[in-house]
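Understanding the architecture of this molecule
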4 protein chains.
Amino acid sequence: MPDRSLGNGRLLITCPDQPGIVAAISDFLHQHGANIIHSAQHTNDPEGGRFFMRIVFSISPYPEKFNQVKEEFLPIADHFDMEWSLEREDRKKSVAIFISKEDHCLTELLWRWRSGELPIHISCVISNHTTLKNVVESYEIPFYHIPIDKNAKPEAENKILRTLEQYPIDFLVLARYMQILSPDFVAHYPAKIINIHHSFLPAFIGANPYRQAFERGVKLIGATAHYVTNDLDEGPIIEQDVLRVNHQYNANDLKITGRNAEKIALARAVTWHAEDRVIVDDNKTIVFL
Amino acid sequence: MPDRSLGNGRLLITCPDQPGIVAAISDFLHQHGANIIHSAQHTNDPEGGRFFMRIVFSISPYPEKFNQVKEEFLPIADHFDMEWSLEREDRKKSVAIFISKEDHCLTELLWRWRSGELPIHISCVISNHTTLKNVVESYEIPFYHIPIDKNAKPEAENKILRTLEQYPIDFLVLARYMQILSPDFVAHYPAKIINIHHSFLPAFIGANPYRQAFERGVKLIGATAHYVTNDLDEGPIIEQDVLRVNHQYNANDLKITGRNAEKIALARAVTWHAEDRVIVDDNKTIVFL
Amino acid sequence: MPDRSLGNGRLLITCPDQPGIVAAISDFLHQHGANIIHSAQHTNDPEGGRFFMRIVFSISPYPEKFNQVKEEFLPIADHFDMEWSLEREDRKKSVAIFISKEDHCLTELLWRWRSGELPIHISCVISNHTTLKNVVESYEIPFYHIPIDKNAKPEAENKILRTLEQYPIDFLVLARYMQILSPDFVAHYPAKIINIHHSFLPAFIGANPYRQAFERGVKLIGATAHYVTNDLDEGPIIEQDVLRVNHQYNANDLKITGRNAEKIALARAVTWHAEDRVIVDDNKTIVFL
Amino acid sequence: MPDRSLGNGRLLITCPDQPGIVAAISDFLHQHGANIIHSAQHTNDPEGGRFFMRIVFSISPYPEKFNQVKEEFLPIADHFDMEWSLEREDRKKSVAIFISKEDHCLTELLWRWRSGELPIHISCVISNHTTLKNVVESYEIPFYHIPIDKNAKPEAENKILRTLEQYPIDFLVLARYMQILSPDFVAHYPAKIINIHHSFLPAFIGANPYRQAFERGVKLIGATAHYVTNDLDEGPIIEQDVLRVNHQYNANDLKITGRNAEKIALARAVTWHAEDRVIVDDNKTIVFL
């Protein structure tokens, strides 16, 4: 009886652009019996730019053939000097969520996760406060309270790193975590930390964006999900959203409204990262939707 | 035979808040036989803030009774220390439109004006270029070419002022006019000059906002219609709009997309000002929609 | 020592339009020492139409003066043949939420309620399934499992009515309750039952709207919050929202996306009803925002 | 001296899905020296569905190599049973625009065309009225007045067909053309007639959708651009857009607001068709953005 197991793989690639890349990849996949279901490709400059591609393919028998593809893709990847990932669609990425006291982003992620809409595994939640401990634990997710003492921040970050080491973490989500991570810490997770900033960046960089927005009298209030880099609020933007406000909104109303933009922008960014849809291109992102 | 002529008036008011203002106004209107059709009122701080109100009323016989209302409202306005306007709905405001070379905002305004959607009278168009002279004149609108010589800007602005003096101008619209007006000029039209800025303010203040937006890798591109003050790009915001973009958009694509946000945001702001819906509150606006 | 207690009242009115209504109301409020903070008024037809108004006022001492206003408003209300409500802003309306198995709308309402964004008191949750019993009870909200047997629907509805009688219910929210309520039941709560329909009504009336939307190949997927009447999916619309989809979405993806439109449209409608912003005008709504 | 001319081609393909299609196409292009700049591919059902793909490639020398590619692609196309088009990016499609009396969609198309945003050549405008003759001719575009007599519709349509025969028409745009084309006529332009319907289809099919929307009390007003088929208002949807309205809008206000949704939805659909981004999939569309 033939093996009829069928599964999907997701290939994400960036490399210097040159003729023949698509042909090489699609030939390779075809020769391994893979069927391309979706693909999208982009070049940021036809002459001397970079090449970006996402491919979803099905293959059988699975996962044997998938593993073989993964091994044998190396020479092609080397030949074109690719940065690449090849992931099983049935393997959910492991995520650590960082929070402080506010729960709107956390709640949105938990709901989308529990409903099956957000394809991640939540390894643990880390917080510098205990406010949301019970909520997290009611979902049977490990909760770690790691307070940040201003005078002992390296120690706290080390404690976080040691905590994360217990889990096979794929990426981190800062779901309104009100602490700035040090360059040392960020270096452990390059393009793997997603933050939600509570403004339409680059407007209202820094503290109290809703207060700033109120003072400026804006008519739309926004939120920005981005990768964390060492330049505060300057990392590559993954998604932005806005909601309409008017003169009746005080600073607190803007904050309440903005929370709804925040949770939606963050949930989308996390979903897209989890589905291997995002490639960082210097200080920007390519998002294959 | 009784006079059955019926017309509408629009009353726009701001003053220090105190009890009894609505009662005084509505009593006054009722005693003059006016029927309130729409009204909206806002207080920016219930304790010691300012009061803002817009009332649309119908009155008959028209315009006799309207004129009487306008005269006899003075004591109430004085009593409450009001800044106010009382306009006939059937009198279209006279507008001068300022342009340079780009025509998208002009075209949108002209189309909405000709279709009857934009209740204004276009007195004239002023431009520092002749590029759009034929377009403007094909609508039988006077076109004035007043170039701006960097070394003789006061002279040019004087020429503009003398040109405008020929018309009963109510307000000015800078429809992508690529010149900065001097404080002297702006002082002639306080809260009466509407500009369209090609970014989602306060992001990307200054020159080349689309280039800035491209460099930053934003996912939404915006436009902001605001009153002109002496602080460049800092005047009270009337309306903002955004459109979604992605990694496939180069700086020129952002510009093309942004033009569509610009023309819509500007057209809305001009309509609302023309319909007496906007009151300036320090560096913000109250917009009664 | 003077009584300095200060509180707000919300007056919602509809009646046949005629001159003098605003004057009568604002005089009355002024004479009772109330200060109008926000007000909005609308007439659906200046000649012989209906009058709609919402007023928020502050009054002191509170609640003594508020109660006096409420009593003494009756003659005015009678004189103008008003349907009206006058509510204390500090009294949250009591709500019963009806659910079946799906939890997205429930979760959104619970989160907004717990965060203080949604000014309601949740008296109880009623469901024809036990699926979400634990979730509801984890919020310490009474949960009633009242299954609906097709052949004994009147009995089930009676059981629901008797359950609701234990609480001072102001309105009902059908948060994806997959049962059709009988005219008899609906008659107990006229314009007091809010339902979320999972389509952009009047498109895709009836069963399986996401399947219908998929078959039709729409590019936007929507949701509609409306009051329940005896005409299925035909009640007055309070709010609608849409989200963009594309050819990559299968029927299940539309459903997942649509859930996010549903929960936002429903949460807004419930908030607006709870804040006395909605008046039913025949088969439409006036929503004062 | 080598020929350095460089140009782009756009390949649009649909065929029954099977393994190896992407490999065959990309091999072929690579062997002909083409460099793929953008590509996107979709399968509507991984098992036994259809395959859809859009590729933009650059090639040199141009157009010699492009022409060679076009000729030599035939065997591949036959092998996979493809429906396909291969277009030069520098060749603008020729369009005939059909109008009646309303000018908002026409004006939007003309403005986008003149600004270079809309990559089409407008061969002629056909109208059953003379209302907009002068506007069209001011752009130096041929205008044909072909009235439709109810009792002689076949004759009128024949006249239209003979008029169109003078031009190398690629597709037709019904920019608020208030006539229903016969199946005979439509058969001449399969999936090549784009119409704008003034509602969010499938809501408000048929006549007077804004009146219907007003009666129903909707909170969003929409427009739908679709290909014309013989089922009125049932053709494959290309794009939809909505704008927010409220209880203050009467039926005429809905119409005015809706026009802005119409012109934007239509302009997008025309742009996408002109850029070879749309493939019809039975009664739906694949739109590669």
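Please read all numbers here as calculations on a predicted model, not as lab measurements.

**Remarks on helix α1 (residues 21–31) of chain A**
Residue and element names in this part refer to chain A.
- Across the 11 residues of α1, eight count as buried, placing the element largely inside the fold.
- Of all the residues in α1, the buried ones are I21, V22, A23, I25, S26, D27, F28 and L29.
- Following α1 by one or two positions, G33 adopts a phi angle in the positive range, close to 80 degrees.

**Describing the UniProt feature "active site" (unreviewed entry) in chain A**
- Mapped onto the present numbering, the UniProt feature "active site" (unreviewed entry) falls on D233 of chain A.
- Mapped onto the elements of the fold, D233 of chain A is located in the loop between β10 (220–227) and β11 (237–244).
- Looking at D233 of chain A, the relative accessible area reads 6%, which means it is buried.
- Beyond its immediate sequence surroundings of up to four residues, D233 of chain A is in contact with H197, L201, I205, G206 and H226 of chain A together with R216 of chain B.
- One polar contact links the side chain of D233 of chain A to the main-chain amide nitrogen of G206 of chain A, over a distance of 3.0 Å.

**Some details on the side chain of H273 of chain D**
- Its location among the elements puts H273 of chain D in helix α9 (residues 251–274).
- Not counting residues up to four positions away in its chain, the partners in contact with H273 of chain D are K93, F171, A191, I194, Y227 and V278 of chain D.

**Here's the deal with the interface of chain B and chain A**
- Across the boundary between the two partners, chain B contributes 32 residues, which contact 32 residues of chain A.
- Taken together, the two surfaces of chain B and chain A that pack against each other cover about 2700 Å², and 54% of this comes from carbon and sulfur.
- Interface area lost by chain B to chain A is led by R216, K219 and H247 of chain B, which between them contribute 27%.
- In this assembly, chain B and chain A are joined by six salt bridges.
- With a closest N to O distance of 2.9 Å, R244 of chain B and E239 of chain A form a salt bridge.
- The tally of links between chain B and chain A comes to 20 residue pairs in polar contact (both at pLDDT 80 or more).
- Elements supplying a minimum of two residues to the side of chain B that touches chain A: α8 (209–216), β11 (237–244) and β13 (284–287) of chain B.

**What to know about the pairing of strand β11 (residues 237–244) of chain C**
Residue and element names in this part refer to chain C.
- Burial within β11 is extensive, with six of its eight residues counted as buried.
- In this sheet, β11 lies alongside strand β10 (residues 220–227) in antiparallel orientation, the contact comprising seven bridges. Looking at the pairing, L220 lines up with R244 of β11.

**Some points on the domain arrangement of chain A**
Residue and element names in this part refer to chain A.
- Per the domain assignment, the segments making up chain A are domain 1 (7–88) and domain 2 (93–287).
- Its C-alpha centre places domain 1 at a distance of 30 Å from the equivalent point of domain 2.
- If you look at the interface, domain 1 gives 12 residues, while domain 2 gives 10 residues.
- Between domain 1 and domain 2, the buried area comes to about 820 Å², and carbon and sulfur atoms account for 57% of it.
- When the buried area of domain 1 at its contact with domain 2 is split by residue, L12, F52 and R54 rank highest and sum to 54% of it.

**Here we look at the interface of chain B and chain C**
- Taken residue by residue, the interface counts 21 residues in chain B and 21 residues in chain C.
- Taken together, the two surfaces of chain B and chain C that pack against each other cover about 1800 Å², and 50% of this comes from carbon and sulfur.
- Among the residues chain B hides against chain C, the three largest losses belong to N35, I37 and Q41 of chain B. Together they make up 25% of the total.
- For the pair chain B and chain C, the number of links is zero salt bridges.
- Linking chain B with chain C are 13 residue pairs in polar contact (both at pLDDT 80 or more), by the criterion used here.
- Secondary-structure elements contributing two or more residues to the side of chain B that touches chain C are α1 (21–31) and β2 (35–43) of chain B.
- Ranked by the residues each element gives to the side of chain B that touches chain C, the list is headed by β2 of chain B, at nine residues.
- Residues that form the side of chain B that touches chain C fall into these classes: eight nonpolar, 10 polar and three charged.
- Bridge count for β2 of chain B against strand β2 (residues 35–43) of chain C is three bridges, and the pairing is antiparallel. Residue pairing for β2 of chain C: A40 of chain B is matched across the bridge by A40 of chain C.

**Describing the relation of the copies chain B and chain A**
- Superposing chain B onto chain A takes a rotation of 180 degrees combined with a translation of 0.0 Å along the rotation axis, leaving an RMSD of 0.0 Å. On this basis, the relationship between the two copies can be described by a two-fold rotation axis. Looking at the rotation axis and the C-alpha trace of chain B, the residue lying nearest is A203 of chain B, at 2.2 Å.

**Quick notes on the UniProt feature "domain: ACT" (unreviewed entry) in chain A**
- Following the UniProt record, the feature "domain: ACT" (unreviewed entry) maps to residues 10–91 of chain A here.
- Annotated as 32% helix and 39% strand, the span residues 10–91 of chain A places its first and last C-alpha atoms 11 Å apart.

**Section: the pattern of salt bridges**
- Tallying each qualifying case throughout the model produces 88 salt bridges over all chains.
- Between R50 of chain C and E83 of chain C there is a salt bridge, with its nearest N and O atoms 3.8 Å apart. With R50 of chain C in strand β3 (residues 50–59) and E83 of chain C in strand β4 (residues 83–88), the pair connects residues that are 33 residues apart, well separated along the chain.
- Across the pair D90 of chain C and R88 of chain C runs a salt bridge, and its minimum N-O distance is 3.0 Å.
- One connected set of salt bridges, linked through shared partners, spans E108, R112 and E117 of chain A together with R259 and K263 of chain C.

**Comments concerning the packing of aromatic side chains**
- As enumerated under the stated definition, the model contains 34 aromatic pairs over all chains in all.
- Ring centres 6.3 Å apart and planes at 70 degrees place the aromatic pair Y144 of chain A and Y167 of chain A in the edge-to-face group. Of this pair, Y144 of chain A sits in strand β7 (residues 143–145) while Y167 of chain A sits in the loop between α6 (153–164) and β8 (171–174); the two residues are 23 residues apart in sequence, bridging distant segments of the chain.
- For Y144 of chain A, a relative accessible area of 22% translates into the label partly exposed.
- Between the aromatic rings of F98 of chain D and Y177 of chain D, the centroid separation amounts to 5.2 Å while the plane-to-plane angle is 85 degrees, which identifies the pairing as edge-to-face. In this pair, F98 of chain D sits in strand β5 (residues 93–99) while Y177 of chain D sits in the loop between β8 (171–174) and α7 (183–187), placing the two residues 79 residues apart along the sequence.
- One aromatic cluster in this structure is built from F98, Y177, F185 and Y189 of chain A.

**Quick notes on the sheet that holds β2 of chain C**
- Taken in spatial order, the eight strands make up an open sheet running β4(B)-β1(B)-β3(B)-β2(B)-β2(C)-β3(C)-β1(C)-β4(C), and their pairing is antiparallel. Of all strands in the sheet, those bounded by a partner on one side alone are β4 (83–88) of chain B together with β4 of chain C. Geometrically, the sheet is characterised by an average inter-axis angle of 10 degrees between neighbouring strands, direction not taken into account.
- Sheet topology note: the strand β1 (residues 7–16) of chain B/strand β3 (residues 50–59) of chain B ladder contains 10 bridges and is antiparallel. Pairing of R10 of chain B across the sheet is with V56 of chain B, part of β3 of chain B.
- Of the strands in this sheet, β1, β2 and β3 of chain B together with β2 of chain C are in contact with α1 of chain B, which crosses β3 of chain B at around 15 degrees.

**Let's talk about the relation of the copies chain B and chain C**
- For the pair chain B and chain C, the best superposition has an RMSD of 0.0 Å and corresponds to a rotation of 180 degrees with a translation of 0.0 Å parallel to the axis.
- Most of the interface of chain B is mirrored in chain C, where 100% of its interface residues are also at the interface.

**Details of the sheet that holds strand β8 (residues 171–174) of chain B**
All names here are of chain B.
- Strand order in the open sheet formed by seven strands is β7-β6-β5-β8-β9-β10-β11, with mixed pairing between adjacent strands. Each edge of the open sheet carries a strand with a single partner, namely β7 (143–145) and β11. Ignoring strand direction, the axes of neighbouring strands in this sheet form an average angle of 20 degrees.
- By the bridge criterion, three bridges tie β8 to strand β9 (residues 193–197) in an arrangement that is parallel. Bridging across to β9, L172 finds its partner in I193.

Thresholds, definitions, all that
- Residues numbered from 1 in each chain as written.
- Chains lettered and ligands numbered in written order.
- Predicted model: local features only at pLDDT ≥ 70, side-chain atom pairs only at ≥ 80, totals over all residues.
- Heavy atoms only, no water.
- Buried < 20%, exposed > 50% of the residue type's maximum accessible area, 1.4 Å probe, protein only.
- Helix = DSSP H or I, 4+ residues; strand = E, 2+ residues; numbered from the N terminus.
- UniProt positions renumbered as here; feature names shortened; annotations may be inferred.
- Contact = heavy atoms within 4.5 Å.
- Polar contact = N/O pair within 3.5 Å; in protein donor to acceptor, adjacent residues only side chain to side chain.
- Buried area = accessible area lost by both parts, 1.4 Å probe.
- Salt bridge = Lys/Arg side-chain N within 4 Å of Asp/Glu carboxyl O.
- Pairing = 2+ DSSP bridges.
- Domains from an automatic or database assignment.
- Nonpolar A, V, L, I, M, F, W, Y, C, P; charged D, E, K, R; others polar.
- Least-squares fit on C-alpha atoms with pLDDT ≥ 70 in both.
- Phe/Tyr/Trp six-rings, centres within 6.5 Å; stacked < 30°, edge-to-face > 60°.
- Axes fitted to C-alpha atoms, helices over the stretch in contact; angles between N-to-C directions.

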